[in-house]
Each structure stands twice: as structure tokens, then as C-alpha cells.
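Next come the chains, spelled out residue by residue.
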Amino acid sequence: MNIKAFLFPGRKRSEAVDFSAALRVLAPIFRRYRGRLALGLISLLVVDSLQLTIPQLLRHGVDSLAAGRATSTSLLLLAGLLLLAAACIGLFRFLWRFMILGFSRHLERTLRDRIFEHIMVMDRAFFSTWTTGNIMAHASNDLSAVQMACGMGMVAALDAVVMSVAAITLMLFIDVRLTLIALLPMPLLAACTRLLSRHLHQRFDLVQAQFSLLTEFARTTLVSIQMVKAYTLERLQERRFDELGRRYVRSNLKVAVIQGLLFPVATLVGNIGMLLVLYFGGRLVIHSTITLGGFVAFVSYLALLVWPMMAVGWVTNLAQRGLTSLRRIHHLLLQQPLLSDRDVTPATPCEPPACRPRFVFDHLDFTYPGAQQPTLRDICLEIGPGVTGLTGPTGSGKSTLCRLLLRLYPVPEGTLFLDGRDVNTLSIAAVRRLIAYVGQEVVLFSDTVANNIAFGRPDCGPEDIEAAARAAAVHEDIMEFPDGYGTMVGERGVRLSGGQQQRIALARALLADRPVLIIDDGLSAIDVATEQRVLAGIRAHLEGRTVLIVSHRINVLAAADRIVVLEQGTIRSQGSHEQLLAQDDFYRAMMARQRFDA
Ligand SMILES: Nc1ncnc2c1ncn2[C@@H]1O[C@H](COP(=O)(O)OP(=O)(O)OP(=O)(O)O)[C@@H](O)[C@H]1O
Ligand SMILES: [Mg+2]
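The structure presented is a predicted model; accordingly, all values stated were derived computationally and were not measured.

Participant: A description of the coordination of the magnesium ion (ligand 2) should follow, citing residues and the corresponding values.
Facilitator: Ideal coordination angles are 109.5 degrees for a metal with four donors arranged tetrahedrally and 90 or 180 degrees for a metal with six donors arranged octahedrally. The protein atoms that coordinate the magnesium ion (ligand 2) are Ser 399 (OG) and Gln 440 (OE1), at distances spanning 1.9 to 2.3 Å. With a gap of 41 residues between them, Ser 399 in helix α13 (residues 398-405) and Gln 440 in the loop between β6 (435-438) and α15 (449-453) connect regions that are remote in the sequence. For Ser 399, a relative accessible area of 13% puts it in the buried group.

Next up, the structure:
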């Protein structure tokens, strides 16, 4: 797969990502938790200085032993001091870990909330480029990379700088030449860890991409499980899943190879330094250039140096990785919906008037972003109070027209008006708040029937829910479910028939109680007898509202005050049922077919 495309979906090659802008995403979070951060970093410095004093204590003890000055009291005192230092190290190490790792978790949460909040305002165009698996992989792996860089990465960097500068200085005080000899393999150690961890991170990216493919495959298979069964594709899907799983394991094994190499290589190179010190330092002790205590302290400092040197390679990669992930998160946060209130012309968008809204299309042409041909052409249409029926062959643009009313796509200026005002001057959310919508594809949540109906009005009582369900002629069906209104609707409503799902979606829209109701082919799966009950049930509700019903059904259209027939994106005809029967061959033919079917 193309890793670049996976890492930055929707990004053109030419678009550079600004690092400093990406870093600015973190600045407010650092400011917010600065107290906690400061406390953590101070504790870390305390730990470092205590660690650096231990070799000095050892040196003192060994020298006094070698000189025959040591008494059991002085040794006991030394042991007590060592114990105290170790206890303090333990305490402050706990403190810094708690503070800094806690900080990094807060940072992760704040960023995660921001990503979620951002995704909530995105639209259909965004979700067609960013798959769910991709968003999930970014939101989990990239977040944890940033969290690692800002938590352990930051600590390790500071620790490495402080420890190596201090340890090398103290070693220089003991013996300059020996220090230079001891440090000889250190750049090699830093280079080895850097090389290995770079490979490690590249392979991690592959693991992430593979994991995203696997989750996306599982998700799409589960969502379309009915289809998989209908086409008896279970075995094929299993094989594909198994293959993706194998690839995931293979990419993980590549990571394991590097992880397995990292520490042995580091220890080996670190021990070469120790070997050199043993040989050359030992000779210095023999020639009495340095004391035995000085030698012991030197070896302890060298041991303290191994970790910072390893950390140099590890931290630079951690930081790089964190920064790359931050760029990706920033890239995601930079995505804008096609249409938002920023596009509304007056700085403060007007609230559309309530009551009985009237939409007017005035010579509207509409082309989907990126499409070559317009989907709607020269639409002149008024959708005012009362019921407007909309029909036409499949692909003629009915759903598109509904989407424009819902303000899901931008429309040219001066082509769509709500109560005389160009919709481009109105707040998008406010327009949407006027509309209750039943889509062509029913969306039900994994929740109870009652909560599914109450989705648009979570505060309403059970009696309101029941009234809406009665109006949508689904109450009796619900009462037959094992737990009535408390019955759980499975993912995508697998336990309900298509007609039941549609009526529950209709009940949801009725309960939302908004001045405009748009039903996009939302009664298609309901049989003729039930359709009559639904139409009778909702009649009272439609009174005084602006209603648009997309349908191919004779009974539904006949109940409309006015009917519009679309054909290939243009209005073919409009008028009452009787007028159309008299004028429009397509309409007459459609009706005749249904009479015949009935
Ligand atoms: N997001 C999109 N981008 C580009 N073209 C689109 C998009 N959505 C729909 N179209 C195209 O617009 C045309 C009208 O689609 P629309 O969904 O409005 O038809 P419809 O009248 O609702 O059909 P149906 O009766 O099958 O629901 C179709 O040719 C379709 O391919
Ligand atoms: Mg449609």
C-alpha cells in the first residue's frame, strides 16, 4: 500500500506541512499544565543530582578503606547516607514520573477531544477521503506518539543532557585522559541506537498502516454482514482477513527483530567502554595516578553515562516521530468542511425566521465538488407550507435537492432563498435546526428503540416517544419486541425489518417537531396497507408545516398538495396529481404501472 497516502490522506504532494504551526497546537496545553510540568522537571533534576552524588560517596568510602582510615562507625554512616540517597531517589523518581507522565496523558486527552470535536463538524466530502479505519489509526497511534514524545521523550532528553554533562565533568575531574578513552565508544553507541530506532519507527509506520487496513476490513465486513452471507462470501472474507492478519504479524515481526537487536547492541558497545576503563583505569590505579576510590567513582559515572548515550539516539527518533505524528494531527485539524459558517457572508449570520418556512430555488445549477457535469440544472421551485411531493427516475437528483435544503453543500449565491433571504447569509446550523430529516438510508444506533426515536429530543418523556411511534404506525410493532421500547437495536438495526426501521426513523423525525420535514424516500420499504396507516398517522403532524416527500409511490404522491417531477437534474413538470396525470407521460406511466402492480 502507499504509506504516504495513508499517512496524509487528501494531501497533495505540493502541500508542505508547517512544523512551527503544528507545534503551536501543543503550546496552550503546555501553558495549561505548566505547574505540574515544572514540579516534575524539578523532581527529575533532584533525582539526577542525587544519582551523581552516589559515586562520590562510594569514592570516599573506598578511599578511606584503602587508606586504613575507615571505622565501622564511618562505614555505617556512609551506608546510611547511601540508603537515604536511594530512598530520596525513589521518592523523587515517583514524583517526576507521576507529574510528567500524568502531564502527557492530559495532553493526549486534550488533543483527542480536539480531534473528535473537529471530526464532528466535518462533512461527507471529508469522510469520503478519510476512512474510519484511517481516522482511528491516526487518532490512536499518532496521539500516542505525541504523548510519548512529550512525556518520556522530553524527560529522557532533559535527563540525558543533565546527566551526561554532569557525569562527564565529574569524570574529567578524576582524570582527563581516562575520560577521553572511556568516551571513545560513546558516539558509536549513539549512532547505533539512532540507526536502529530509525528503522524501528519506519517499521512501526508499516505496522500502523497494516493495523488500519485490518480494522477497516473487520469494520466493513461486520457492517455489511448480511450482504456477505447473502452472497455466501464468508470463506472468502475469512481468507482475506487471514491474509491481512498475516501481513500484520509479518510487519510486527520486523519490529521485533529491531527491538531484539537494540538492547544487546547498546549493552555491547557500552561494555566496550567499561573494558577500556578497566584496563587503562586499572593501570592508573597501579601507578597511583588515581586512587582506588576515584576509580570506583569513575566506573560508576561511566555506568550512569550509558543510558544518556543510548537515549540520544532513542530520543531523537522519539522526537522525530512525535513531530511527524503531530504534523499528521495538525493536517487533520486543518481540514475544513466544504461549507461552514465561515462561508456565510455577514460576519454575524442571521437567524432564519421560524414558523412556516418557505424555500425558493431560483435558476439553481448545482455541480458536486470535483464532478464534471452539473447534477441539477436551472431549478426554479418553491417549497412552501404544505406537502410537496418529489419524484423522478433514479439518479435524477432528488436526494441532491434534499441535501441542498439541508445545507450539506454550498450553493451559488442568489439561487436558494429561505423566506426571501439568500441561504448564504444564514447560519447553517440554524437552517438545519429548522429541518427534521428522514434519509434514504436509515441510520439507527446501537441503543434502545426509545433512545433511537428520542435522538433529536433527548429530554422528552416516554409518552412523547409513544405518540410519535403511534403517528408513524410503528407502536404495535414495538410492543411486540421482547422489551418493548427498551429493546436494543443491534448495529444498523439488524433485528428490525426494513419497514420497521424506516418507521422508527420517521417517528424520530416527527418527535423532533421542527417546522420543515424532509422525507427522502423514507417510506419505500413499507407495504401499501401500512403506508395508508402511516399517511393517516402523520396527516395531523404535517398540518401547517413545510413538507417535502420524495417518493415513487402513488398513494404518497397523491396525498401531496403539489408534485414535482425531476428528470436528469431538471424539472420536467410540476402541478397537482390530477394535472400531472393529464400532462406528464412519465408520471402517467409510473402511476399506471403501480395500479397494475396493485
Ligand atoms: N457526492 C457526490 N459526488 C458526485 N456526484 C454525486 C454525488 N452524490 C450523487 N451524485 C450523482 O448525482 C446524481 C443524482 O444523485 P441523487 O442521489 O440525487 O439521485 P436520486 O434522484 O436521489 O436517485 P435515487 O432515486 O436512486 O435515490 C447521480 O448521477 C449521482 O451519481
Ligand atoms: Mg435518492
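Participant: Would you mind going over the environment of Ala 467 in detail, with residue names and values included?
Facilitator: Positionally, Ala 467 belongs in helix α16 (residues 462-471). The spacing of Ala 467 and Gly 537 is 70 residues in sequence and 10.0 Å in space, taken between C-alpha atoms.

Participant: Mind laying out the pairing of strand β3 (residues 386-391), listing which residues take part and the relevant values?
Facilitator: Within β3, six of the six residues are buried, leaving the element largely enclosed by the surrounding structure. Sheet topology note: the β3/strand β8 (residues 546-550) ladder contains five bridges and is parallel. By the bridge assignment, Gly 389 is partnered in β8 with Ile 549. Pairing analysis gives four bridges linking β3 to strand β9 (residues 562-567), with the strands arranged parallel. Bridge pairing links Thr 391 to Val 565 in β9.

Participant: Summarise the packing of aromatic side chains; cite the residues concerned and give the values.
Facilitator: Taken as a whole and assessed by the stated rule, the structure comprises twelve aromatic pairs. Judged by centre distance (6.3 Å) and plane angle (70°), the ring pair of Tyr 33 and Phe 103 falls under edge-to-face. Within this pair, whereas Tyr 33 is found in the loop between α3 (27-32) and α4 (34-66), its partner Phe 103 is found in helix α5 (residues 72-120), the two being separated by 70 residues in sequence. Like Phe 103, Tyr 33 is buried. Seen in terms of ring centroids, Tyr 368 and Tyr 409 are 5.0 Å apart; in terms of plane orientation they differ by 90°. Their pairing is edge-to-face. With Tyr 368 in the loop between β1 (359-366) and β2 (376-383) and Tyr 409 in the loop between α13 and β4 (416-418), the pair connects residues that are 41 residues apart, well separated along the chain. In textbook terms, an aromatic cluster arises when at least three aromatic residues are bridged by ring pairs, as seen for Phe 30, Tyr 33 and Phe 103. Against the face of Phe 98 rests Arg 36, its NZ or CZ located 5.6 Å from the ring centre.

Participant: Let's hear about helix α7 (residues 132-174): which residues, and what values?
Facilitator: Taking 1.5 Å as the rise per residue, α7 with 43 residues should run 63 Å; its terminal C-alpha atoms sit 60 Å apart, in good agreement. Along its length, α7 shows its largest kink, about 35°, at Gly 153.

Participant: If you had to explain the pattern of salt bridges to someone new, which residues and values would you point to?
Facilitator: All chains considered together, the criterion is met by 20 salt bridges. For the salt bridge of Arg 219 with Glu 216, the shortest nitrogen-to-oxygen distance reads 3.1 Å. Here Arg 219 and its partner Glu 216 are both found in helix α9 (residues 186-223), three residues apart, which amounts to about one turn of the helix. Residues joined in a network through salt bridges with shared partners are Arg 105, Glu 108 and Arg 112.

Participant: An account of the site of ligand 1 is requested, with residue identities and associated values reported.
Facilitator: Lining the immediate environment of ligand 1, one finds Tyr 368, Thr 375, Thr 394, Gly 395, Ser 396, Gly 397, Lys 398, Ser 399, Thr 400, Arg 403, Tyr 409 and Gln 440. A distance of 2.6 Å separates an oxygen atom of ligand 1 from a polar side-chain atom of Gln 440. When isolated, ligand 1 has an accessible area of 640 Å², and the protein chains bury 64% of it. Of the residues contributing to the shell around ligand 1, the split by class is two nonpolar, eight polar and two charged.

Participant: Requested: an account of the state of the cysteines, with residues and values cited.
Facilitator: The tally for this structure, following the rule as stated, stands at zero disulfides. Its sulfur unpaired, Cys 380 is 18 Å from the next cysteine sulfur, which belongs to Cys 402. Of the residues examined, Cys 380 reaches a relative accessible area of 31% and is grouped as partly exposed. Since its relative accessible area comes to 1%, Cys 402 is described here as buried.

Participant: Describe the packing of helix α11 (residues 234-286) against helix α12 (residues 292-334), with residues and values.
Facilitator: Orientation of α11 relative to α12, taken along the N-to-C sense of each, is 160°, at an axis distance of 10 Å. In terms of orientation, α11 and α12 fall into the roughly antiparallel class. In the crossing of α11 with α12, the sense of the turn from one axis to the other is right-handed. From α11, Phe 263, Ala 266, Gly 270, Gly 273, Met 274, Val 277, Leu 278, Gly 281, Gly 282 and Val 285 reach across to α12, where they touch Leu 292, Phe 295, Phe 298, Val 299, Leu 302, Ala 303, Val 306 and Met 310. Its residues assigned to classes, the contact of α11 with α12 shows 14 nonpolar, four polar and no charged.

Participant: Can you lay out the sheet that holds β9 for me, pointing to particular residues and giving the numbers?
Facilitator: Taken in spatial order, the six strands line up as β6-β7-β8-β3-β9-β10 in an open sheet, and their pairing is mixed. At either end of the open sheet lies a strand with only one pairing partner, and these are β6 and β10 (570-575). Looking at each pair of strands side by side, their axes are set apart by 15° on average, direction ignored. With four bridges joining them, β6 and strand β7 (residues 516-520) adopt parallel strand pairing. In the sheet register, Tyr 437 faces β7, and the bridge partner there is Ile 518. Together, β6 and β7 form the strand contacts of helix α18 (residues 498-512), whose direction differs from that of β6 by roughly 175°.

Scoring rules and cut-offs
- Residues numbered from 1 in each chain as written.
- Chains lettered and ligands numbered in written order.
- Predicted model: local features only at pLDDT ≥ 70, side-chain atom pairs only at ≥ 80, totals over all residues.
- Heavy atoms only, no water.
- Donors = N, O, S within 2.8 Å, 3.2 Å for Na, K, Ca; no water.
- Helix = DSSP H or I, 4+ residues; strand = E, 2+ residues; numbered from the N terminus.
- Buried < 20%, exposed > 50% of the residue type's maximum accessible area, 1.4 Å probe, protein only.
- Pairing = 2+ DSSP bridges.
- Phe/Tyr/Trp six-rings, centres within 6.5 Å; stacked < 30°, edge-to-face > 60°.
- Lys NZ or Arg CZ within 6 Å of the ring centre and 35° of its normal.
- Expected span 1.5 Å × (residues − 1).
- Bend = angle between axes of the 7 residues up to and from the residue.
- Salt bridge = Lys/Arg side-chain N within 4 Å of Asp/Glu carboxyl O.
- Near = heavy atom within 4 Å.
- Polar contact = N/O pair within 3.5 Å; in protein donor to acceptor, adjacent residues only side chain to side chain.
- Areas by Shrake-Rupley, 256 points an atom, 1.4 Å probe, with all protein chains shown as cover.
- Nonpolar A, V, L, I, M, F, W, Y, C, P; charged D, E, K, R; others polar.
- Disulfide = S-S within 2.5 Å.
- Axes fitted to C-alpha atoms, helices over the stretch in contact; angles between N-to-C directions.
- Parallel < 35°, antiparallel > 145°, perpendicular 65-115°, else oblique.
- Left-handed = near helix turned anticlockwise from the far one by under 90°.
- Contact = heavy atoms within 4.5 Å.

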